[in-house]
Amino acid sequence: MKFLDEAKIFLKSGDGGNGCVAFRREKFIEFGGPNGGDGGRGGDVWVEAVDGLNTLIDYRYQQHFKAERGHHGMGSDRFGASGADTVLRVPVGTQVLDEEKEEVLADLTEVGQRLRLLKGGDGGHGNAHFKTSTNRAPRRFDPGWPGEERWVWLRLKLIADAGLVGLPNAGKSTFLAATSAARPKIADYPFTTLHPNLGVVRSDDHEFVLADIPGLIEGAHEGAGLGDRFLGHVERCNVLLHLVDGTQDDVAEAYRVVRGELEAYGGGLAGKPEIVGLNKTDALDKDTIAARLKALKAAAGRKAKVVALSGATGGGVQEVLRLLWARIAESRPAPVEEEAPVDITPWAPTDSD
C-alpha cells in the first residue's frame, strides 16, 4: 500500500429539508386545517480515528465528501427524515487543518476519538407550525437551512515511541530492519527511504514502536533534498535516536547538520531526549572508533548519551534499545494500582450471638 501522509479534501454537510404546505382533506371534514410537516435535518460531517490504518491513501482518489440532505416535509403532519452523516475514517495521529494550514481543527491521537467538523442545516418549518387562533389556514413554509462547506487538509503524524533521525545513508533503515519485523528498502545510495516506516521493537520483556524517516541534509528546512516535512512523524516521539555514519571523516559536523535542521524545524524536536549512535563501527578499527566517539561526545555535549553500534552486525544494538526503553518508560504515565475490594457483606446474627 502506498504511503500518503497529506491530503486536501472538500467537505459539505447536508442541507435541511424544506417544510411542506398541505391541508387535511377528508370526507365530512369541511375545515381540516393545515398539516404540512417540517423538513428533516441535514447530515453532519464527522472525522474518526480508527485502528488498522497507517496512511491517507483513501483520500488520494476521492477528494469530495458530502453528507445527505434532509428529506422534505409531507402532508398528514409527516416530518422529513434526517440526512445520513458522513464519517471520515482516518489513522490514529491524523490532524485536520484549515485550508491555509494555519489552524488545527482536530488532532486525533487515540482510537475511537471522534469529532464533528461540519454541522448539517436545520429543516424548514411546514405550514402546520404557523397555525394560530387568528391564522387558521397558513400557506407559509420555510426552506431548509443550507449546510456548511469548506476545504481542509488531513495531515498524518505517526504515533511512535522513538524516532530515528540522521543524514542519508546513516544506517537508519538497517537498524530498523535489525531490531524489528519491518522490511524497509536498504541500498548503498542516498535517499533510499522515501517515506516513513514503522516497526515494533522488542527489547528484553518490553515492546515499543520505532519510526524511521527519510534522511536530512543541510538546508532541508528550505526544501533541500526531500525537505523536512517528514519530521512531523517524530514530533510525538518520546526520544530520538540520532544515528551518525562512523565511516565519515567528520562525524561532529554530520551531527551538527542534523541538529541544525531539527532546531530550524521547531515543533519541540530540538528539546527532546536524544541518544546518539556512532553507527557502522564494524568497518572501523578500535582507535578510529575511540577518536570519533570522543569527537561526537564533544559535539553532542553532556545532555545526550553517545554509544557505538553496528546495525549490520548487531554490536551494541541491545544497549541502545535498553537506553531507548529507559527514556520511554520515564515519559509514560505510571500504571494506576487498583485498590483491593472492600468486603461489604451485611452483618447477620449467628447462634453464638
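We now turn to the structure provided with this report. (Residues numbered from 1 in each chain as written. Predicted model: local features only at pLDDT ≥ 70, side-chain atom pairs only at ≥ 80, totals over all residues. Heavy atoms only, no water.)

## Thoughts on helix H2 (residues 251–265)
Here is step 1 of the chain: With 15 residues, H2 extends 22 Å from end C-alpha to end C-alpha; this agrees with the ideal 21 Å at 1.5 Å per step.
Here is step 2 of the chain: For H2, the complete set of buried residues consists of Val251, Ala252, Ala254, Tyr255, Val257, Val258, Arg259, Glu261 and Leu262.
Here is step 3 of the chain: N-capping of H2 is provided by Asp250, with a side-chain oxygen placed 3.4 Å from the backbone N of Ala252.
Here is step 4 of the chain: Within two residues after H2, Gly266 carries a phi angle of roughly 85°, on the positive side. (Helix = DSSP H or I, 4+ residues; strand = E, 2+ residues; numbered from the N terminus. Expected span 1.5 Å × (residues − 1). Buried < 20%, exposed > 50% of the residue type's maximum accessible area, 1.4 Å probe, protein only. Polar contact = N/O pair within 3.5 Å; in protein donor to acceptor, adjacent residues only side chain to side chain.)

## A look at the nonpolar core
Here is step 1 of the chain: Formed by 28 residues in total, the largest nonpolar core has its most connected members in Leu231, Val234, Val244, Leu262, Val276 and Leu296.
Here is step 2 of the chain: Every element with two or more residues in this core is listed here: strand S12 (239–245), H2, strand S13 (274–279) and helix H3 (286–300).
Here is step 3 of the chain: By residue number, the principal contributor to this core is H2, which donates 6 residues.
Here is step 4 of the chain: Apart from residues no more than four positions distant in its own chain, Leu231 is found in contact with Ile213, Leu216, Glu261, Leu262, Tyr265 and Leu269. (Core = buried A, V, L, I, M, F, W, Y, C linked by side-chain atoms within 4.5 Å. Contact = heavy atoms within 4.5 Å.)

## Thoughts on unusual backbone geometry
Here is step 1 of the chain: Unusually for a residue other than glycine, Lys101 sits at a positive phi of about 60°.
Here is step 2 of the chain: On the secondary structure map, Lys101 appears in the loop between strand S5 (94–98) and strand S6 (104–108).
Here is step 3 of the chain: For Asp204, which is not glycine, the phi torsion reads 55° and is therefore positive.
Here is step 4 of the chain: Note on placement: Asp204 falls in the loop between strand S10 (197–203) and strand S11 (206–212).

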